[in-house]
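Working through the structure, step by step
In case you want the letters, here they are:
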Amino acid sequence: MFSVSQDRRVWAIGIYTGDSPLSLSPHPAIENPVVTCGDVTDIEAEFVADPFMVEEHGTWFMFFEALNRATSKGEVGLAVSSDRFHWEYRQIVLKEPFHLSYPNVFKWQDDHYMIPETLGANYISLYKARDFPAHWELAGRLIEGTHADPSIFYFDHRWWMFTCSAHYSHDTLNLYFADDLMGRWYEHPRSPIVKGDRRRARPGGRMTNWEGRLIRFAQDCYPRYGTQLRAFEITELTTCSYREEETTRSPILFRAAHGWNSAGMHHADPHLTVRGDWIACVDGCSTAMFDREVDSADSAVPL
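Cut-offs used in this document
Residues numbered from 1 in each chain as written. Predicted model: local features only at pLDDT ≥ 70, side-chain atom pairs only at ≥ 80, totals over all residues. Heavy atoms only, no water. Pairing = 2+ DSSP bridges. Helix = DSSP H or I, 4+ residues; strand = E, 2+ residues; numbered from the N terminus. Axes fitted to C-alpha atoms, helices over the stretch in contact; angles between N-to-C directions. Buried < 20%, exposed > 50% of the residue type's maximum accessible area, 1.4 Å probe, protein only. Contact = heavy atoms within 4.5 Å. Disulfide = S-S within 2.5 Å. Phe/Tyr/Trp six-rings, centres within 6.5 Å; stacked < 30°, edge-to-face > 60°. Lys NZ or Arg CZ within 6 Å of the ring centre and 35° of its normal.

Section: the sheet that holds strand β9 (residues 123–131)
The strand order across the open sheet built from 4 strands is β7-β8-β9-β10, with neighbouring strands paired in antiparallel fashion. Of all the strands in the sheet, the pair left with one neighbour each is β7 (101–108) and β10 (135–144). With direction set aside, neighbouring strand axes in the sheet form an average angle of 25°. Pairing analysis gives 2 bridges linking strand β8 (residues 111–117) to β9, with the strands arranged antiparallel. The residue of β9 that forms the bridge with Met114 is Tyr127.

Structure (structure tokens):
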């Protein structure tokens, strides 16, 4: 046995602000990252990523993936803020025998729901808050199959959902719709919307309605996963047609020269505030070095 050095990308969560969901940047009063794996106290977390947040009675609740180092499975963590700038970690609020990530939380008819990524379950799961924000229960199984980063939204009196079906290649985007949240879901006749394109297929955050414009965020996974975040405006969406075009400000998130997001960014959840500006929880990664024990018989295998 001998030890070799290898790099590992460590994800963390920050807060960006701007005058639109397409012009997000660090705020001078915020010390990013606002949540790291070191803040998670009830498990030993490898990293935190994929943040989504919701505001309720003046308090902001952020849900995110916390990768449990002991099980190598993601669990859903919770952090809380009263001013959106300073965040306090609370607890793990959802875990399953399978991996959880991308906890897309939303409110509908006075109830809170969450659709996380549930690849190991072989279906897209809908959870409902039994006692918000800490207690969640399975409310239904919406779509069968292995779907990465399901992104749900309500538009034109109908529910829609983007998913990435090719999890490891990140190059295929599917679209589904339903008349009722718990009703039957149908695949769109134009689906897959994107095929064979790692630069714009995989969802990268909440679908955003900005002044009547539907904005879809996409992870740019070239040349590697989580390189940057691109933005597309959906210009036509019906049950039989679909059209989108990349916005002129895309990419909207990209790696910094140094620091917590110097190796990539791949997620945004923007929200319009009562003051008319935008705030978003985002994630980014940096590179850390660690030592790995390797058997001499395997030394010819690339690491």
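Here we look at the environment of Ala134
With respect to the secondary-structure elements, Ala134 resides in the loop between β9 and β10. On the basis of relative accessibility, which here comes to 16%, the residue Ala134 falls in the buried class. Remark: the alpha-carbon pair of Ala134 and Arg249, spanning 115 residues in sequence, is separated by 37 Å. Filtering out sequence-adjacent residues up to four positions away, Ala134 remains in contact with Gln91 and Val93.

Quick look at unusual backbone geometry
Between Asn32 and Pro33 the backbone carries a cis peptide bond, its omega angle lying at 0°. Along the chain, the position of Pro33 falls in the loop between β2 (25–26) and β3 (45–56). The residue after Ser250, namely Pro251, is reached through a cis peptide bond having omega 0°. Even without glycine at this site, Asn122 takes up a positive phi of about 65°. In this structure, Asn122 sits in the loop between β8 and β9.

Observations regarding the state of the cysteines
On inspection of all chains with the given rule, the structure shows 0 disulfides. With no disulfide of its own, Cys285 lies 11 Å from the sulfur of Cys221, the closest cysteine sulfur. Cys285 gets classed as buried once you look at its relative accessible area, which sits at 0%.

Here's the deal with the packing of aromatic side chains
The full count for this structure, using the stated rule, is 16 aromatic pairs. Note on Phe106 and Tyr113: the rings are 5.8 Å apart at their centroids and 25° apart in plane angle, and the pair reads as stacked. According to the relative accessible area criterion, Tyr113 is buried, its value standing at 11%. When the centroid spacing of 6.1 Å and the interplanar angle of 70° are considered together, the rings of Phe132 and Trp136 count as edge-to-face. By relative accessible area, which is 22% here, Phe132 ends up partly exposed. Classification of Trp136 as buried rests on a relative accessible area of 9%. Members of the aromatic cluster, connected to one another through ring pairs, are Phe106, Trp108, Tyr113, Tyr154 and Trp159. The residue whose ring lies beneath Arg216 is Phe162, and the NZ or CZ to ring-centre distance is 5.8 Å. Taking NZ or CZ as reference, Arg216 lies 4.9 Å from the ring centre of Phe232, over its face.

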